[in-house]
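One-letter residues, chain by chain:
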Amino acid sequence: MPEKNVRKGEPQEQQPQAGRGIGRREVLKGLASVPVLGLFVYGLLKKRSLDESRRAQILSELGLGEAPAVLPKTTGKKAGELIRLGIIGFGGRGEDLIRAAGFAHPDWVEQKRRDAERNKLDKWLEDWLKQEDLNLALTAVCDVFDVRAERGLAASKNEVRPGGAGAPLAGAKRYRHYQELLASKDVDAVIIATPDHWHAQMAIDAAQAGKHVYLEKCMTRTEEEVYRLHEAVTRSGIVFQLGHQNRQQATHAKAREIVQKGILGPITLVETTTNRNSPGGAWVYDIHKDGSPQTIDWEQFQGPAPHKVPFSLERFFRWRCWFDYGTGLSGDLLSHEYDAVNQILDLGIPHSAVASGGIYFYKDGRDVPDVFHVVFEYPERNLTLIYSATLASNRNRGKVFMGHDAAMEVGGVLTVTADYESTRFKKKIEEGIIDPSLPLFTYHPGAKGIDAVTSASEQYFASRGLLYTYREGKRVDVSHLHIKEWLDCIRNGGQPSCNIERGFEEAITCHMATKSYLEGRKVFWDPVKRRIV
Amino acid sequence: MARQQRHGEKLTCSGWQLGALVALRMLIGWHFLYEGLAKLLNPYWSSSGYLLEAKGFLSGFFTSIVANPTALRVVDWLNIYGLIAIGLGLIVGCLTRPAAIAGAVLLLLYYLCNPPFVGFKYSAPTEGSYLIVNKNLIELCALVVLALFPTGRILGLDRLLFGPPRIVDPQHA
């Protein structure tokens, strides 16, 4: 209490001169601490001008604008005439894609409603309902498993959807065989999300039937199918989009701009990875309790698979574990990583590939490796691309572009860090304008543009996606954008970003890796004969 | 010897004691003002990162702010202009006691949002090591001291606004 602080001493305070206004001495005492404010403003202005000039010097050095990444073109117009959509393969990914297109199963809506009630940060349903109405009608569903086909029909009739009551809702018809779906006059375009072994044949048949195709990756299961599909799509003139939704990722577009401006200097090594550590991540998917020879058309499922085997629930629900239906890590996850690098660097098909790995953790009867590495050489680009994956560790490794002047890590956030031995930035590093121990700049798509030189803790939050994910409460699904781009091209002409040429490069690259692994040797691309040798 | 009497409180202290209190007031004011301005001048700043890290019994309240874009905007705005206003008030000694109390309340919220309690881990890098007591708590306590020993009417604008403290004879204190 104040009383305890009473100290003896001489009184300094004087009785104010009563009734004669405020004296000079009073004003001085009243304003005694104002000069500190002046000092503060001086310090602030000095710091601001130093920061600004440093930032301006860095940005002008890099030739980068503040503008957000240039994304693949979208028309911006209202979605044109109605497109009638069919889906072939309404499994996990098929259901995701159809939801991205604007049709969700009522169970999903209910689940997300409950999630949002439990956790206020869960905005899945809210964001999905805010999604643009693409003016689509889901008119046809084909799946060899009755339960999934029924789910597709239910999604096509669900009134809860983006665009609300005004959005088209035709209700789909079920087709038992995909050929019947392709023959239907009620279908303009198809999404194909079956296992890989069916991709090529279905897409070829669709192209020949004049239906536009959105095809999931990997584009084909075999090398030979790549050539046939490429020819069929090119001849038919349909709009073809391969399902690499990373093409819509703003950080990837920005990364491309950065590489094109030469900020990284000569890039000699690119490292991409996939690490996962869960049964789901290793394709040990749930076996549905209603799966049986009565509910699954096993013969149609097997179709072009090289080995015909008796009915197997494991093979049906966990098909990625066998080369009969897919190519394991190569077609599932390397394909995404490769396409992202191809999107950023325009790499094309590698000169050679060497792959290795094995089945080291999931000894569950699968024949595809669960640890897998590939080294692709691009001698004409003076560059090596490395892919490395394990399905038994979650250790995070980024997608890193290593240049002589700077390194770039690309994910949900993009970070560029100058190299302390850089030639290009030598002077700026010596002058102390560029600090190679801190990111040169970072780019967060959720933010307004480039945030040059951020603090360590801001950096940290950004890399976790914590700063921007919920800032405006708005997230956009990249698959939605990828489908939208495909539809825009159907309506207005033009080529989508992951067209048949990009698909050709993706599939050949993945098949080079698979072939090298299976044959235990280095394989090469012969650009004259256009064959893997 | 400076003396103050307000609402029955009596304060007498030496010039050194007064100087130390005013210096403390201005330093904390400086800190608040720059924290506020740094946030104002950073177009990317948001309290969401800090709030999402919330631990302890109020964590539900803090994260629910992030879930509501309007609430988050209000909190960001209050944070920025609250820090600036408190900082200015403390530096120039204007409304010193309300500024000190408001600052202490703000720091209490920061403290309760990310309390350095045993067993709580944060992913944000910190510049020191803390056990229950951290710099927020110490600055909070310093503001409580400044609220109890308001110096604005001795050296500060409060003197011009409300007049100097009336003299108290230490013999009768």
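In this text, all values refer to a predicted model and were calculated from it rather than measured experimentally.

Peer 1: What exactly am I supposed to notice about the overall build of chain A here?
Peer 2: From N to C terminus, chain A includes 17 helices and 17 strands. Intrachain contacts of chain A at a sequence separation of at least 6 include 72% that bridge at least 24 residues. Surface accessibility of chain A: about 23,900 Å² in total, with carbon and sulfur atoms responsible for 53%.

Peer 1: Where do I start with the overall build of chain B in this structure?
Peer 2: The helix and strand tally for chain B stands at seven helices and two strands. Secondary structure elements of chain B occur, N-terminal to C-terminal, as β-β-α-α-α-α-α-α-α. Excluding contacts between residues fewer than 6 apart, the proportion of contacts in chain B whose partners are at least 24 apart in sequence is 73%. Carbon and sulfur atoms make up 71% of the accessible area of chain B, which totals about 8,100 Å².

Peer 1: Which parts of the structure should I look at to understand the confidence of the model for chain A?
Peer 2: Any residue range with low pLDDT should be treated as having predicted coordinates unsuitable for detailed reading. Residue and element names in this part refer to chain A. Here chain A shows a mean pLDDT of 87. Residues at 70 or above account for 87%. Taken together, the stretch residues 68-77 has pLDDT below 50 and engages in 24 contacts with residues farther than four places along the chain or on a different chain. Scored below 50 in pLDDT, residues 448-473 shows 77 contacts in the model against residues more than four places distant or in partner chains.

Peer 1: I'm lost on the pattern of salt bridges in this one. Help?
Peer 2: When the charged atoms of two side chains with opposite charge come close together, those side chains can pair. Residue and element names in this part refer to chain A. For the coordinates displayed, the defined rule picks out 37 salt bridges over all chains. Residue Arg-228 pairs with Glu-224 through a salt bridge whose shortest N-O separation is 2.8 Å. Taken together, the residues Arg-228 and Glu-224, both in helix α9 (residues 223-236) and four residues apart, mark about one turn of the helix. It is possible to trace a salt-bridge network through shared partners that takes in Arg-93, Asp-96, Arg-99 and Glu-216.

Peer 1: Just checking my understanding: could you explain the pairing of strand β11 (residues 399-403) of chain A for this structure?
Peer 2: Residues and elements named next belong to chain A. Most of β11 is tucked away: four of the five residues are buried. Pairing between strand β7 (residues 267-275) and β11: four bridges, direction antiparallel. Looking at the pairing, Leu-269 lines up with Met-402 of β11. Here four bridges tie β11 to strand β12 (residues 406-410), and the two strands are oriented antiparallel to one another. Paired with Met-402 across the strands is Ala-407, a residue of β12. What sits between the antiparallel neighbours β11 and β12 is a turn of two residues.

Peer 1: I would appreciate a short explanation of the state of the cysteines in the present structure.
Peer 2: Two cysteines form a disulfide when their sulfur atoms are joined by a covalent bond. Residues and elements named next belong to chain A. Tallying each qualifying case throughout the model produces zero disulfides over all chains. Cys-510 provides the cysteine sulfur closest to Cys-218, a residue in no disulfide bond, and the two sulfurs are 4.3 Å apart. By relative accessible area, Cys-218 is classed as buried at 0%. Counting only cysteine sulfurs, Cys-218 is the nearest neighbor of Cys-498, a cysteine outside any disulfide, at a range of 11 Å.

Peer 1: Got a minute to help me understand the nonpolar core in this structure?
Peer 2: Looking at soluble globular proteins, one finds that nonpolar side chains tend to be buried together. All names here are of chain A. Leu-345, Met-408 and Val-416 are the most contacted members of the largest nonpolar core, which totals 101 residues. Residue contributions to this core peak at eight residues, all from helix α17 (residues 500-519). Once you skip the residues sitting within four places of it in the chain, Val-416 turns out to touch Ile-258, Ile-263, Leu-264, Ala-406, Ala-407, Met-408, Pro-439, Leu-440 and Phe-441. Counting 26 residues, the second-largest nonpolar core is a separate cluster that includes Phe-90, Ile-98, Ala-101 and Ala-193.

Peer 1: Please clarify how the sheet that holds strand β2 (residues 136-142) of chain A should be interpreted in this entry.
Peer 2: Pairing between the strands of a sheet is mediated by backbone hydrogen bonds and can be parallel or antiparallel. Residues and elements named next belong to chain A. What the six strands build is an open sheet, ordered β3-β2-β1-β4-β5-β6; its pairing is parallel. At either end of the open sheet lies a strand with only one pairing partner, and these are β3 (173-175) and β6 (240-242). Across the sheet, the axes of successive neighbouring strands diverge by a mean angle of 20 degrees, strand direction being ignored.

Peer 1: Looking at this structure, how should I read a nonpolar patch on the surface?
Peer 2: On the surface, Phe117(B), Val118(B), Phe120(B), Leu131(B), Ile132(B), Val133(B) and Ile138(B) cluster together into a nonpolar patch covering about 640 Å² of accessible area. For Leu131(B), the location among the structural elements is in the loop between α5 (96-113) and α6 (135-148).

Peer 1: Sorry, what's going on with unusual backbone geometry here?
Peer 2: With the exception of glycine, the majority of residues adopt a negative phi angle, and the majority of peptide bonds are in the trans configuration. Residue Cys218(A) is reached from Lys217(A) by a cis peptide bond, and omega for that bond is -10 degrees. Checked against the element boundaries, Cys218(A) lands in the loop between β5 (212-215) and α9. In the Ramachandran plot, Asn382(A) falls in the positive-phi region, its phi being about 55 degrees despite a non-glycine side chain. Mapped onto the fold, Asn382(A) is located in the loop between β9 (371-378) and β10 (383-390). The phi angle at Leu95(B) is positive, at roughly 50 degrees, despite the residue not being glycine. In this structure, Leu95(B) sits in the loop between α4 (69-92) and α5.

Peer 1: Is there a simple way to explain the environment of Lys484(A) in this structure?
Peer 2: Residues and elements named next belong to chain A. Its location among the elements puts Lys-484 in helix α16 (residues 478-492). Residue Lys-484 is classed as buried on the basis of its relative accessible area, which comes to 8%. Separated by 459 residues in sequence, Lys-484 and Arg-25 place their C-alpha atoms 74 Å apart.

Peer 1: Help me understand the pairing of β5(A) in this model?
Peer 2: Each regular strand shows side chains that alternate between the opposite faces of the sheet. Residues and elements named next belong to chain A. Of the two faces of β5, the one lined by His-212 and Tyr-214 and the one lined by Val-213 and Leu-215 are each fully buried. With four bridges connecting them, strand β4 (residues 189-192) and β5 associate as parallel partners. Following the sheet pairing, Ile-192 is matched in β5 by Leu-215. Remark: the β4/helix α8 (residues 196-208)/β5 crossover connection has right-handed handedness. Taking the sense of rotation as the criterion, the β-α-β connection linking β5, α9 and β6 turns out right-handed.

Peer 1: What's the story with the side chain of Gln245(A) in this structure? I'm lost.
Peer 2: By the secondary structure assignment, Gln245(A) is in the loop between β6 and α10 (250-260). When near neighbours in sequence (up to four residues on either side) are disregarded, Gln245(A) contacts Arg93(A), His336(A), Val478(A), Ser479(A) and His482(A).

Peer 1: Can you help me understand the packing of helix α3 (residues 92-101) of chain A against α16(A) in this one?
Peer 2: Relative orientation and spacing of two packed helices are given, respectively, by the angle between their axes and the distance between those axes. All names here are of chain A. Running from N to C, α3 and α16 point in directions that differ by 70 degrees, and their axes come no closer than 8 Å. Accordingly, the angle class assigned to the pair α3 and α16 is roughly perpendicular. Contact with α3, carried on its side by Arg-93, Leu-97, Ala-100 and Ala-101, involves Ser-479, His-480 and Ile-483 of α16 and no other residues of that element. Considered class by class, the residues forming the contact of α3 with α16 number four nonpolar, two polar and one charged.

What counts, and at which threshold
Residues numbered from 1 in each chain as written. Chains lettered and ligands numbered in written order. Predicted model: local features only at pLDDT ≥ 70, side-chain atom pairs only at ≥ 80, totals over all residues. Heavy atoms only, no water. Helix = DSSP H or I, 4+ residues; strand = E, 2+ residues; numbered from the N terminus. Contact = heavy atoms within 4.5 Å. Areas by Shrake-Rupley, 256 points an atom, 1.4 Å probe, with all protein chains shown as cover. pLDDT = per-residue confidence, 0-100. Salt bridge = Lys/Arg side-chain N within 4 Å of Asp/Glu carboxyl O. Buried < 20%, exposed > 50% of the residue type's maximum accessible area, 1.4 Å probe, protein only. Pairing = 2+ DSSP bridges. Disulfide = S-S within 2.5 Å. Core = buried A, V, L, I, M, F, W, Y, C linked by side-chain atoms within 4.5 Å. Axes fitted to C-alpha atoms, helices over the stretch in contact; angles between N-to-C directions. Patch = residues over 30% accessible without salt bridge, like charges linked within 9 Å, V, L, I, M, F, W, Y side chains within 5 Å. Right-handed = clockwise from strand over helix to strand, strands pointing away. Parallel < 35°, antiparallel > 145°, perpendicular 65-115°, else oblique. Nonpolar A, V, L, I, M, F, W, Y, C, P; charged D, E, K, R; others polar.

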